[in-house]
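# Topology and contacts: notes
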Amino acid sequence: MSHKNPPKAKKVKKELVIHDDVRLDNYYWLNDKEDEEVISYLESENSYYETLTAHTKDFQENLFQEMKGRIKEDDSSVPYKLNDYWYSTRYEIGGEYPLYSRFKHSLEAIEEIMFNGNEMAKGHDYFSLGGIAISPDNKLAAFGVDTISRRQYTLQIKNLETGVVLKDKIENTTGDGVWANDNKTLFYTRKDPVTLRSDKIFKHKLGTPTSEDVLIFHEEDDTFSTFVYRTKSKKYFVIGSFSTLTSEFQILPTDNPDGEFVVFSPRKRGLEYTIFHYANYFYILTNKDKAENFKLMRSSELETTSKHWQEFIPHREEVLLEDIDIFKEYYVLSERENGLNKIRIIKWDGTEEYFLPFQSETYTAFVGSNPDFDTEILRYSYNSMSTPSSVIDFNMRTKENDVKKEQEVLGGKFDKENYLELRLWATARDGEKIPMSLVYRKDTDLNENTPVLQYAYGSYGATIDPYFSTVRLSLLDRGFVYVIAHIRGGEYLGRRWYDNGKLLKKKNTFTDFIDCSKFLIEQKMTSAQHLYAMGGSAGGLLMGAIINMQPDIYKGIIAAVPFVDVVTTMLDDSIPLTTGEYDEWGNPNEKEYYDYMKSYSPYDNVIEQEYPNMLVTTGLHDSQVQYFEPAKWVAKLRDLKTDNHQLLLNTNMEAGHGGASGRFESLREVAKEYAFLLDLEGKIS
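Here the structure is a predicted model, which means the values were calculated and not measured. (Residues numbered from 1 in each chain as written. Predicted model: local features only at pLDDT ≥ 70, side-chain atom pairs only at ≥ 80, totals over all residues. Heavy atoms only, no water.)

When you go through the chain residue by residue, the secondary structure sums to twelve helices and 37 strands. For 685 residues, the compact-globule estimate of 2.2 N^0.38 gives 26 Å, and the C-alpha radius of gyration of the chain, at 26 Å, lies within 12% of that figure. Each of the three principal axes of the chain carries a C-alpha extent, and together these read 70 × 55 × 50 Å. Counting the 685 residues in the chain, one finds 57% classified as buried. Summarising the internal contacts of the chain: among those between residues at least 6 apart in sequence, 56% fall at separations of at least 24. Entry remark: accessible area of the chain is about 28,500 Å², with carbon and sulfur atoms responsible for 47%. In the chain, 82 side chains carry a positive charge and 109 a negative one; their mean positions are 1 Å apart. (Helix = DSSP H or I, 4+ residues; strand = E, 2+ residues; numbered from the N terminus. Rg over C-alpha atoms; globule rule 2.2 N^0.38 Å. Buried < 20%, exposed > 50% of the residue type's maximum accessible area, 1.4 Å probe, protein only. Contact = heavy atoms within 4.5 Å. Areas by Shrake-Rupley, 256 points an atom, 1.4 Å probe, with all protein chains shown as cover. Lys, Arg positive; Asp, Glu negative; His and termini not counted. Charge placed at Lys NZ, Arg CZ, Asp CG, Glu CD.)

The next subject is the nonpolar core. Soluble globular proteins: nonpolar side chains tend toward being buried together. Core analysis: the largest hydrophobic core is formed by 91 residues, its most contacted members being Met436, Phe513, Ile546 and Trp633. The residues contacting isoleucine 546, other than those within four sequence positions of it, are Phe510, Phe513, Ile514, Ala533, Pro551, Tyr554 and Ile557. Met385, Tyr455, Tyr532 and Ile558 belong to the second largest nonpolar core, which has 36 residues in total. (Core = buried A, V, L, I, M, F, W, Y, C linked by side-chain atoms within 4.5 Å.)

For the rest of this paragraph, the subject is the pattern of salt bridges. In the structure shown here, the tally under the stated rule is 54 salt bridges. Between aspartate 21 and lysine 598 there is a salt bridge; the shortest N-O distance is 2.8 Å. A residue pair is termed long-range when its members are at least 10 positions apart, and aspartate 21 in strand β2 (residues 21-24) and lysine 598 in helix α10 (residues 591-600) qualify at 577 residues. The class for lysine 598 is partly exposed, based on a relative accessible area of 26%. The salt bridge involving glutamate 432 is made with arginine 496; its shortest N-O contact spans 2.9 Å. Here glutamate 432 is found in the loop between β30 (419-427) and β31 (433-441), whereas its partner arginine 496 is found in helix α5 (residues 495-499), with 64 residues between them in sequence. Since its relative accessible area comes to 37%, arginine 496 is described here as partly exposed. Residues joined in a network through salt bridges with shared partners are Glu272, Glu491, Arg495, Asp499 and Lys502. (Salt bridge = Lys/Arg side-chain N within 4 Å of Asp/Glu carboxyl O.)

What follows covers the sheet that holds strand β22 (residues 319-326). Pairing within the open sheet is antiparallel, and its four strands lie in the order β22-β23-β24-β25. The open sheet is flanked by β22 and β25 (353-355), the only strands paired with a single partner. The average undirected angle you get between the axes of adjacent strands in this sheet is 20°. (Pairing = 2+ DSSP bridges. Axes fitted to C-alpha atoms, helices over the stretch in contact; angles between N-to-C directions.)

Regular strands have side chains that alternate between both faces of the sheet. Of all eight residues making up β22, six are buried, and the element is well covered by its neighbours. Relative to strand β23 (residues 330-337), β22 runs antiparallel, the two being bridged by seven bridges. The residue of β23 that forms the bridge with leucine 320 is arginine 336. The hairpin turn running from β22 into β23, its antiparallel successor, is three residues long.

What follows covers the packing of helix α6 (residues 507-522) against helix α7 (residues 538-549). Taken N-terminus to C-terminus, the directions of α6 and α7 make an angle of 65°; their axes are 9 Å apart at the nearest point. Compared by their axis directions, α6 and α7 come out roughly perpendicular. The hand of the α6/α7 crossing is right-handed. Counting all contacts with α6, which are made through Thr509, Phe510, Thr511, Phe513 and Ile514, the residues of α7 involved are Leu541, Leu542, Met543, Ala545, Ile546 and Met549. Its residues placed into classes, the contact of α6 with α7 shows nine nonpolar, two polar and no charged. (Parallel < 35°, antiparallel > 145°, perpendicular 65-115°, else oblique. Left-handed = near helix turned anticlockwise from the far one by under 90°. Nonpolar A, V, L, I, M, F, W, Y, C, P; charged D, E, K, R; others polar.)

Next up on the list: α6. Under the 1.5 Å per step criterion, the end-to-end length of α6 is 22 Å for 16 residues, consistent within 8% with the ideal 22 Å. Among the 16 residues that make up α6, twelve are buried, leaving the element largely enclosed by the rest of the structure. Regarding α6, the residues found buried are Asn508, Thr509, Phe510, Thr511, Asp512, Phe513, Ile514, Asp515, Cys516, Ser517, Phe519 and Leu520. One or two positions beyond α6, positive phi appears at lysine 524, with a value near 55°. (Expected span 1.5 Å × (residues − 1).)

In the contact formed by helix α1 (residues 36-53) and helix α11 (residues 628-640), the axes pass within 12 Å of each other and the chain directions differ by 65°. Our classification of the angle between α1 and α11 gives roughly perpendicular. Relative to α11, α1 is oriented so that their crossing is left-handed. When α1 is examined against α11, the residues Tyr41, Leu42, Glu45 and Tyr48 are found in contact with a partner set consisting of Ala631, Val634, Ala635 and Arg638.

Moving on: the packing of aromatic side chains. Under the defined criterion, the tally for this structure stands at 39 aromatic pairs. Taking 6.4 Å as the distance between ring centres and 45° as the angle between the ring planes, the aromatic pair formed by phenylalanine 312 and tryptophan 348 counts as tilted. Residue phenylalanine 312 is located in strand β21 (residues 310-313), and its partner tryptophan 348 is located in the loop between β24 (340-347) and β25; the two are separated by 36 residues in the primary sequence. Ring centres of tyrosine 596 and tyrosine 600 lie 5.7 Å apart, and the angle between their planes is 75°; on these two criteria the pair is classed as edge-to-face. Pair noted here: tyrosine 596 and tyrosine 600 are both in helix α10, with a separation of four residues, about one helical turn. The pair formed by tyrosine 596 and tyrosine 600 is uniform in burial state, with each residue classed as buried. Members of the aromatic cluster, joined through ring pairs, are Phe227, Tyr229, Tyr236, Phe242, Phe249, Phe264, Tyr273, Phe282 and Trp309. Directly above the aromatic system of tyrosine 467 lies the positively charged group of arginine 472, at a separation of 4.7 Å from the ring centroid. (Phe/Tyr/Trp six-rings, centres within 6.5 Å; stacked < 30°, edge-to-face > 60°. Lys NZ or Arg CZ within 6 Å of the ring centre and 35° of its normal.)

Here we take up the environment of glutamate 43. With respect to the element layout, glutamate 43 can be found in helix α1. Placed 609 residues apart in sequence, glutamate 43 and asparagine 652 show a C-alpha to C-alpha distance of 9.9 Å.

All right, on to unusual backbone geometry then. Even without being a glycine, aspartate 20 presents a positive backbone phi close to 60°. Within the fold, aspartate 20 resides in the loop between β1 (15-18) and β2. For aspartate 289, which is not a glycine, the phi torsion comes out positive at approximately 60°. Structurally, the position occupied by aspartate 289 is in the loop between β19 (281-286) and β20 (295-300).

Another aspect to go through is the sheet that holds strand β6 (residues 112-116). Across the sheet, four strands lie side by side as β3-β4-β5-β6; this open sheet has antiparallel pairing. Taken across any chain shown, the strands that pair with only one partner, and hence form the sheet edges, are β3 (80-82) and β6. Averaged over all pairs of adjacent strands, the angle between strand axes in this sheet comes to 30°, irrespective of strand direction. The pairing of strand β5 (residues 99-104) with β6 spans four bridges and is antiparallel. Directly across from tyrosine 100, in β6, lies its bridge partner phenylalanine 115.

This next bit is on the side chain of lysine 158. As for its placement among the helices and strands, lysine 158 is situated in strand β9 (residues 153-159). The side chain of lysine 158 sits in the buried core without any salt bridge; glutamate 112 is the nearest counter-charge, 9.8 Å away. In contact with lysine 158, not counting residues within four places along its chain, are Met114, Phe115, Lys139, Leu140, Ala141, Phe143, Gly163, Val164 and Val165.

One can find glutamine 250 in strand β16 (residues 247-253). When sequence neighbours within four positions are dropped, the list of residues in contact with glutamine 250 reads Phe217, Phe237, Val238, Ile239, Phe261, Val262, Val263 and Phe264.

This is how it looks when you write it as structure tokens:
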């Protein structure tokens, strides 16, 4: 294979010392993006990537067009009703961004376009519209705009009757505002300009200078973030403070915006709770009294501290209680049992209780947006690995399903009957059974020559449910099997599943993934010559760990915005998010955690050995995982790896953590990733 030589980053010796331990970091200098030499190194990696993938350029374009061709360009959301208006978002042909509209009284009314994302995005490489908050009198909309991709939104207010955007302009917010009943007072959340932690709640009065906004609450503990919202019953404002393991709320009646917030129940380390208001009670979803999988408790509005909480739905060993939705006549529980989503509907008066029936083992069902309190309609979504997503309005009284929308897969080639989905269980090295969800075309033979892409995330208790993807069809239709491994570190099998994949048990996440891979190979569904792995962000850490531990069973790896320099990042508390992460990874200022972290941190464990083919992607402006982590990692891999496999680093010099912001432009990034896999598999045509 003849190609130009890969870039070589210079080495500048830097010793990092803590706990009497010295780590040598030759590429520490790459963390200064103001340094022209750093930019020039990233650009040389980009041009190397372009050279090595030049032969796939036409194919990437074909993939992009194919993926785009399945998407309904003039798509629209299912409208929802709130406060006498119906709200909807829709796309126009060729538009990258949606239009946000509403209709008064009924959907037959004249469409009022509140925001046109395509117009607002003009002149910006990146554009994101934050939350839209409508005032109780329906006349004003607060909205946030981010044109940099650092998740720092400028909050503004638009008069929906005149179309005029008011001169009130609030920088560096989360993009969400919450209105008081007076239609004049707006609560919002500000971020620390350096760490981007949401740390302050302010109150703004219309018509007053934003410099006079009143600080309502400052979350001083830097392991916590804060937010503000209004209960669905519309009776209370709530300020929430949360860290990975602890939460606290403060409440204030919405008709008294100038009153004082009162703490609901003071924070207590390890006590997590969320509150919901109904009638004269608060309902509390909590892990109190060692309720690992959570239970539901309640208290009166007048006595809300934890000693007054009464049990309402007890803790269950086998069922994770994930959420509750409250309606006037019913409440709806979102539960997870044996990995599967269950939706349980219960009448407040106790006369009726039932589950929505679901058949498959590889589906995802979740309660959708139900802002209307006084309704008997529950909106939920359903999809599976072979079934496109539907939005369904279910009448909780008559039990009738009204399918409001089924995701259309255009292009004329898709038929869900052509695909098989199944759930398999691999045995991990410690005896645990690890579930995997698979999908592939019926005409794909499963044998040692079958290409498989295995995906996982595996951190923060985030569960990757088996979901449908139109984009993924481009792999399935070319003979790939797609696998989601539900490894420890996620919450697929309940809270214990998460607890056994974090802190000093983090390595279970990595070994589970490897053991799933080995199972697929042992079952002769693929082989090391045709097995690929992919993960992003904390899933990129997973990729970095597995290739240090077991590089020989993967043909190729895609690591998107990977978190790979764990020790250095966790020791740097000026980086966004770091201090709040101690509950997940541990605090390396303590030697026990430092030693454990160092033993798996991908960057620290690169050694002289053969590595698989690799595509690593990042964004120069990423606020979640800084660009220099993947850049340093690739530089070190180039220096030490003993193979001549591909190692590609592609940096988006404009975008941040989520990549491109437009709905089609983001497909170009997927086309790059898929082209990398299909090229290795010899399937570019």
